[in-house]
Amino acid sequence: MADGQPGGDVNNIFQGTADIVIQFRDNFGEIHVHAPPSATPLEKSAHALAEAVYRQWREEAKAWDVGGDRAAMAVRWAPRRRRTDHARHIGGDVQGRADQLTDLLTAFLALPGRRLALLGAAGSGKTTLAVLLTMELLRRRLAGRAGDASTEGLPVPVLLSLTSWDPDREEFGAWFTRRLAEDHPGLPRIGGRHPARELWSTSGSVLLPVLDGLDEIPGARRSAAVRALNRALYDRPMVITSRTAEFDALTPETVLGNTAVIEARPVTASATVAYLRHSVAPDALPRWEGVFAEVRERPGGPLAGALSTPLMLSLARTVYARPWSEPAELTDRVRFPSRRSVEDHLLDQFVPSVFTGEIPSHDRLDPPRQWSPAHARRYLGALARHLQARETTELAWWRLHRTPVARLAAFPALVLLGVALSTLATGLGHRVREASGGGPGLWEGLTSMQISTALFAGVVTGLEAQVLVRSWYTDHRFGEPRRTVSLRRPVAAARSAWRHTTRRGALIASLLAGLTAFGLEAPVLHTATPGLYWLGAGCMVAAFAVAVLFTAPSDADENATTPRALLRAEHAAVTRALFVIGPLCGVASGVLHYRPDDVSMACTTGLVTWIGAAGMLILISPWSRWTLARTTLALTGQAPWALMRFLQDAHRQGVLRQVGGTYQFRNAWLQERLAISTSTGLRNRPASLYDERLLTEDGITATSDGGWAFRLNVRRGTLAPLKAALPPAALFTLSVALRDGASRPAVLGAPAALFLGIGGVLSGLSWLLPRRTADLRISPHRISCLTHPKREVRFDWSHVAEVTVRRSRGRNAETGTYGIHIRPHPGAPHGLRIPKGRTAEGVWYLVCDIGRRPVLPPAVEEALRDCAAERWVPPAFPSVPGDGPRGRGTNGGEARSDFAQWEKEFGPSGG
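Cut-offs and rules
- Residues numbered from 1 in each chain as written.
- Predicted model: local features only at pLDDT ≥ 70, side-chain atom pairs only at ≥ 80, totals over all residues.
- Heavy atoms only, no water.
- Helix = DSSP H or I, 4+ residues; strand = E, 2+ residues; numbered from the N terminus.
- Buried < 20%, exposed > 50% of the residue type's maximum accessible area, 1.4 Å probe, protein only.
- Contact = heavy atoms within 4.5 Å.
- Areas by Shrake-Rupley, 256 points an atom, 1.4 Å probe, with all protein chains shown as cover.
- Pairing = 2+ DSSP bridges.
- Axes fitted to C-alpha atoms, helices over the stretch in contact; angles between N-to-C directions.
- Left-handed = near helix turned anticlockwise from the far one by under 90°.
- Nonpolar A, V, L, I, M, F, W, Y, C, P; charged D, E, K, R; others polar.
- pLDDT = per-residue confidence, 0-100.
- Salt bridge = Lys/Arg side-chain N within 4 Å of Asp/Glu carboxyl O.
- Arc of directions from axis to C-beta.
- Phe/Tyr/Trp six-rings, centres within 6.5 Å; stacked < 30°, edge-to-face > 60°.
- Lys NZ or Arg CZ within 6 Å of the ring centre and 35° of its normal.
- Core = buried A, V, L, I, M, F, W, Y, C linked by side-chain atoms within 4.5 Å.

(A) Region of interest: the overall build of the protein chain. When its secondary structure is counted, the protein chain shows 29 helices and 20 strands. Classification of the 911 residues of the protein chain by burial places 53% in the buried group. The contacts of the protein chain with a sequence gap of at least 6 include a subset with a gap of at least 24, amounting to 74%. With an accessible surface of roughly 41,900 Å², the protein chain has 57% of that area assigned to carbon and sulfur atoms.

(B) Quick peek at the pairing of strand β11 (residues 662-665). Here β11 shows a buried face lined by Thr662 and Gln664 and a second buried face lined by Tyr663 and Phe665. Bridge count between strand β10 (residues 656-659) and β11: four bridges; the pairing is antiparallel. Paired with glutamine 658 across the bridge in β11 is tyrosine 663. What sits between the antiparallel neighbours β10 and β11 is a turn of two residues, in which glycine 660 has the positive phi angle 65 degrees.

(C) Representation of the packing of helix α21 (residues 563-591) against helix α22 (residues 599-619) within the structure. With their axes 7 Å apart at the nearest point, α21 and α22 run at an angle of 145 degrees to one another. With respect to the hand of their crossing, α21 and α22 are arranged in right-handed fashion. Contact with α21, carried on its side by Val574, Ala577, Leu578, Ile581, Gly582, Pro583, Cys585, Gly586, Ser589 and Gly590, involves Ala602, Thr605, Gly606, Thr609, Trp610, Ala613, Ala614, Leu617 and Ile618 of α22 and no other residues of that element. Its residues placed into classes, the contact of α21 with α22 shows 12 nonpolar, seven polar and no charged.

(D) View of the confidence of the model for the protein chain. Considering every residue of the protein chain, the mean pLDDT works out to 77; 75% of them sit at 70 or more. Within the protein chain, the element-level pLDDT minimum falls on strand β20 (residues 894-896), averaging 35, and the maximum on strand β8 (residues 238-243), averaging 94. Between residues 440-445, whose pLDDT stays under 50, and residues either more than four places distant or in other chains, the model counts eight contacts.

(E) Representation of the pattern of salt bridges within the structure. The final tally for this structure, using the stated rule, is 35 salt bridges. A salt bridge links arginine 399 to glutamate 480, with the nearest nitrogen and oxygen atoms 3.6 Å apart. Of this pair, arginine 399 sits in the loop between α14 (373-390) and α15 (404-435) while glutamate 480 is found in the loop between α17 (448-472) and α18 (490-499), placing the two residues 81 residues apart along the sequence. On the accessibility criterion, arginine 399 (23% relative accessible area) is partly exposed. The shortest N-O distance in the salt bridge between glutamate 861 and arginine 865 comes to 3.5 Å. Remark: arginine 865 and glutamate 861 occur in helix α28 (residues 858-868); sequence separation between them is four residues, near one turn of the helix. Counted as one network, the salt bridges with shared partners bring together Arg80, Arg82, Asp248, Glu263 and Arg265.

(F) Spatial organisation of α28. Here α28 has its buried residues at Val860, Ala863, Leu864, Cys867 and Ala868. The buried residues of α28 occupy an angular sector of 100 degrees when the element is viewed end-on, so they sit on one face. Projecting away from the buried face of α28 at angles above 90 degrees are the exposed residues Pro858 and Asp866. With its phi angle positive at about 55 degrees, alanine 869 sits one or two positions after the end of α28.

(G) Region of interest: unusual backbone geometry. Unusually for a residue other than glycine, arginine 114 sits at a positive phi of about 50 degrees. Here arginine 114 lies in the loop between α3 (101-109) and β5 (115-120). The partly exposed category is assigned to arginine 114, whose relative accessible area is 24%. Positive phi, normally seen in glycine, also occurs at tyrosine 234, with a value near 55 degrees. Mapped onto the elements of the fold, tyrosine 234 is located in the loop between α7 (219-233) and β8. What makes tyrosine 234 exposed here is its relative accessible area of 64%.

(H) Here's a closer look at the sheet that holds strand β4 (residues 96-97). With mixed pairing, the seven strands of this open sheet are ordered in space as β4-β3-β9-β5-β8-β7-β6. The two strands at the open ends of the sheet, each matched to only one other strand, are β4 and β6 (156-161). Running at roughly 95 degrees to β6, helix α5 (residues 172-183) makes contact with β6 and β7 (207-212) of the sheet.

(I) Region of interest: the packing of aromatic side chains. One pass over the structure, following the stated rule, counts 13 aromatic pairs. When the centroid spacing of 6.1 Å and the interplanar angle of 90 degrees are considered together, the rings of tryptophan 288 and tyrosine 320 count as edge-to-face. With tryptophan 288 in helix α10 (residues 285-297) and tyrosine 320 in the loop between α12 (310-319) and α13 (339-354), the pair connects residues that are 32 residues apart, well separated along the chain. There is no split in this pair, since tryptophan 288 and tyrosine 320 are both buried. Ring pairs connect the aromatic residues Trp165, Phe172, Trp175, Phe176 and Trp200, which therefore count as one cluster. Above the plane of the ring of tryptophan 200 lies arginine 236, whose end atom (NZ or CZ) is 4.2 Å from the centre.

(J) The environment of leucine 619, seen in detail. Structurally, leucine 619 is set in helix α22. Judged by relative accessible area, leucine 619 falls into the partly exposed class, the value being 25%.

(K) Structural context of the pairing of strand β9 (residues 260-264). Within β9, five of the five residues are buried, leaving the element largely enclosed by the surrounding structure. Side chains of β9 alternate between two faces, with Ala260, Ile262 and Ala264 and Val261 and Glu263 buried alike. Relative to β9, strand β3 (residues 76-79) runs antiparallel, the two sharing three bridges. When the bridges of β9 are listed, tryptophan 77 appears paired with alanine 264. Judged from the four bridges that link them, β5 and β9 form a sheet pairing that is parallel. Considered in β9, the bridge of alanine 117 is made with valine 261.

(L) View of the nonpolar core. Among the nonpolar cores identified, the biggest contains 138 residues, and Phe172, Leu207 and Phe355 are the most heavily contacted of them. Considering each element in turn, this core owes the most residues, 10 residues, to helix α1 (residues 41-64). Apart from the residues within four sequence positions on either side, phenylalanine 172 is in contact with Trp165, Trp200, Pro209, Leu211, Leu229, Ala232 and Leu233. Core analysis: the next-biggest nonpolar cluster, separate from the first, contains 30 residues, Val714, Ile822, Val843 and Trp872 among them.

(M) Inspection of the sheet that holds strand β12 (residues 700-702) at higher detail. If you trace the five strands from one edge of the open sheet to the other, you get β12-β13-β14-β15-β16, paired in antiparallel fashion. One side of each edge strand has no neighbouring strand; the edge strands of this open sheet are β12 and β16 (791-796). Within this sheet the neighbouring strands show an average axis-to-axis angle of 15 degrees, counted without direction. Running over the sheet, α28 touches β12, β13 (708-714), β14 (772-778) and β15 (782-787) and is turned about 30 degrees from β14.

Listed below in structure tokens is the structure:
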């Protein structure tokens with residue numbers, strides 16, 4: 001606002017907010033303002049995503065102590081010509097050093113397709129470079145909002161781990177957009193919906209997938225993953241990382257299309273010394289002089305070789321950061337005779353060096369707790385062994401119930417929960433009955449069967465509420481948590497619930513809610529007054545509405561999802577079930593049993609129904625499985641009671657990294673080392689690589705066509721009957737416990753004893769049966785397997801794309817055994833029936849069982865290597881859990897294990 005006379009002093013005052021403010025003094029003509037166009041919804045969403053991703057990885061870089069003002073390592077990245085696409089398709093070279101990040105990024109952006117693959121050995125800095133490139137690109141893009149024309153058109157990099165992607169079951173675009181919506185649920189909406197699909201499907205390459213860990217995909221699926229990426233990305237940019245050995249193991253015809261491949265070179269001795277000199281405190285340099293001299297004098301020695309990777313350099317700096325530590329001990333050639341011994345020492349000492357047991361300063365906001373080095377190492381080792389056994393690198397708190405000790409305790413815990421709920425309902429019902437004025441005579445009228453009926457009705461109501469939630473949110477994976485809308489925002493909850501459903505899902509859920517409310521209230525329709533009946537039905541519908549509305553994903557926070565945020569959401573869900581949904585179900589049941597002369601009946605029934613509904617909702621929630629896992633792990637000394645707090649502190653100390661709502665170890669190498677070095681008991685016993693009775697010396701015969709015949713003796717034993725008996729035993733035992741509580745222990749244990757006894761007998765009989773014989777023939781022309789009775793599987797090598805060892809699957813379930821599988825070419829004769837939602841690359845067929853160990857006898861593997869040539873994909877299974885260079889298996893994907901299916905599709909003569 002201007003105040004003053006023309007030509008005099010002018011005082012400009014502005015209050016409020018505006019995109020553009022123009023100040024002027026005198027105007028003698030027209031004013032034309034050419035303001036830039038306002039941002040479109042797509043641009044706003046892309047900018048919000050860029051800010052959220054930058055904040056997320058800036059915090060990770062701070063935890064890793066990289067980037068920013070930290071000294072950068074002079075890792076040289078050189079172009080790689082082997083196993084790459086044609087040079088004319090790539091369009092240029094990318095090379096440079098990690099401490100000259102600007103040059104590397106500029107060379108990458110100059111590529112026509114903007115596709116880059118980062119290769120290197122374990123600990124060579126692949127993930128670190130991917131994170132630094134992501135942050136630098138985001139920094140440039142966000143600066144472009146201020147008018148920097150040189151940054152226009154830069155994509156938004158989104159860094160994701162490939163561990164959770166199964167190319168056999170989910171298309172890459174669907175997986176990428178799902179992960180984007182899960183990790184960043186609060187992005188500005190486009191048309192009322194999450195912008196993930198619009199950002200991915202728009203032309204102009206708005207998003208840049210930065211995919212970490214191609215090597216973390218099981219070997220049998222790795223080539224299929226590369227082919228799926230080539231199809232899905234088409235003309236889109238990409239950055240991907242992989243270990244060199246796993247990348248070289250891809251089938252020869254499989255390459256990353258239009259992708260420049262660069263490989264990390266070892267850090268030179270001079271660069272090693274220079275980095276340590278600049279990163280170590282000046283007063284600590286005298287303690288490092290022995291290390292500097294050893295590295296310079298023996299550049300090919302064990303110490304220099306170990307410190308030639310960024311991971312080991314970083315670990316050495318961290319391990320010997322304490323004033324009393326002596327890095328000169330690394331020069332002891334007797335103690336450390338090889339490079340591997342130095343690397344193992346640094347990996348073993350990393351956790352004790354960051355968890356020192358010192359009392360933290362309490363003047364900090366949310367200070368870390370005091371964890372002893374021995375306890376921290378034991379806890380992290382147990383978690384690492386669990387991940388190795390699950391063949392993954394993602395540590396998700398809602399999946400920890402899959403640990404062996406949690407699985408063992410699940411059945412007794414379920415029985416105890418049923419007994420506790422029944423006892424609690426009976427005891428509270430009795431007290432409420434007496435407090436409401438009901439005497440002994442009246443109490444006798446309310447039999448235990450009526451209490452059991454009310455408790456069972458509550459359990460069914462809670463289960464039905466969960467079914468309604470699954471029907472409404474068809475895209476939500478059952479058992480996985482997500483951030484939900486707060487109870488204080490009902491309008492936002494309704495809006496989010498409507499956005500995340502379909503008309504079909506909403507119609508089905510509404511019909512189920514109406515039918516359930518009528519079905520539960522119908523038995524007392526003839527005894528309840530119309531007003532009370534409709535009040536009860538309304539409360540039941542309200543309970544279902546609360547369950548559906550407040551399971552809607554939250555869109556209020558644009559920051560990335562964290563494990564702690566997901567756990568807080570589950571805490572809120574438990575509170576909601578206990579104090580909102582449960583009481584509504586109780587009121588719905590209680591008002592229908594109201595009698596003017598006996599109020600205690602309504603109070604007791606309502607309370608028991610409340611307990612049943614809330615108990616069932618809590619039982620099937622991820623929080624209950626987390627509680628079971630945390631309790632069992634803590635009781636067995638494998639984790640602390642404050643497990644989430646420990647994981648947070650491990651993340652702050654740089655041992656773990658946070659990727660969305662899960663944790664991962666800072667490096668897969670560290671996970672493998674912790675799993676091996678902290679194993680105890682049976683895990684340290686030497687184990688044969690394969691079942692020695694699978695193939696005897698007299699079971700190998702040379703054939704006339706230049707191949708080999710193997711007589712395999714496969715054990716029939718299986719635990720499948722016992723596993724199949726667990727669910728019905730648990731359900732029947734729970735129902736009996738809810739009905740009778742602990743009053744009849746003989747009846748309580750009868751269902752479990754019956755089902756488990758049958759399953760145990762069948763499993764035991766299967767182990768007593770003689771081994772099954774299979775004749776495996778491998779020749780330069782084909783592979784075949786003849787089982788007895790005469791059922792033969794045969795396939796010509798000309799029709800086979802890949803052959804490997806992987807976990808067998810029966811009818812949509814894992815069998816627990818392994819076998820030799822082939823993946824045929826899409827154009828193989830006789831036509832393959834592709835399962836719904838799958839591609840030809842995702843179908844695997846079982847040729848021959850090899851038992852419960854995933855390793856072939858050396859003679860069979862050598863025959864496959866010679867006859868199958870490049871089609872043979874060596875399995876990545878270790879001989880002992882956690883052992884080997886990767887410690888991962890090749891399970892996953894669906895394989896058909898029925899030989900009759902083979903006979904039906906290919907005939908007795910095979911392919």
